[in-house]
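# Overview (structure and organization)
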Amino acid sequence: MYLSRTFGRTLFAAAARSRTYASSAGAATASGDKPRNPLEEFFEVDRDMESDKPIVYGRGWKASELRLKSWDDLHKLWYVLLKEKNMLMTQRQMLNSQNLRFPNPERIPKVRKSMCRIKQVLTERAIDEPDPRRSAEMKRMINAL
């Protein structure tokens, strides 16, 4: 019974993913767009470098906002911020190698501070954990981030 439920869920999830990928690939070919290269995620491709209009980016996350999030939400947000940080650092390095100015350098500290605040919130949760084994495991996981 357990195995059939587990395999059923796995197969259902795989079928749902394949339908999602097929529909997104079909939409990309129907609209005439070519599939997106995964390496483009390291660069801001939609930004026009010649425009004089400055782009205003959002603020970093506050610790009070992060305390309201679940463990899974913080985990997802960590990897979104990590991806953003990698994109910004790649873009900065590429522009520096071409002797060009990096636009909006204040974005990198915002991302770093948000990442530090996520670690702070997770550490607070690990300290408040009553089970010492689970607390130690949580601290090891947080330090590995």
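Residues numbered from 1 in each chain as written. Predicted model: local features only at pLDDT ≥ 70, side-chain atom pairs only at ≥ 80, totals over all residues. Heavy atoms only, no water.

## What to know about unusual backbone geometry
Even without being a glycine, Asn 99 presents a positive backbone phi close to 55°. With respect to the element layout, Asn 99 can be found in the loop between α3 (71–97) and α4 (107–128). Under the relative-accessibility criterion, Asn 99 is labelled exposed at 72%. Here Asn 104, not a glycine, exhibits a phi torsion of approximately 55°, which is positive. By the element assignment, Asn 104 lies in the loop between α3 and α4. Classification of Asn 104 by relative accessible area gives buried; the value is 14%. (Helix = DSSP H or I, 4+ residues; strand = E, 2+ residues; numbered from the N terminus. Buried < 20%, exposed > 50% of the residue type's maximum accessible area, 1.4 Å probe, protein only.)

## Considering the confidence of the model for the protein
Reading predicted coordinates in detail is not appropriate for stretches of low pLDDT. Here the protein averages 76 in pLDDT, while 66% of its residues score no lower than 70. For the stretch residues 1–30, pLDDT sits under 50, and the model shows one contact to residues farther than four places along the chain or on other chains. (pLDDT = per-residue confidence, 0-100. Contact = heavy atoms within 4.5 Å.)

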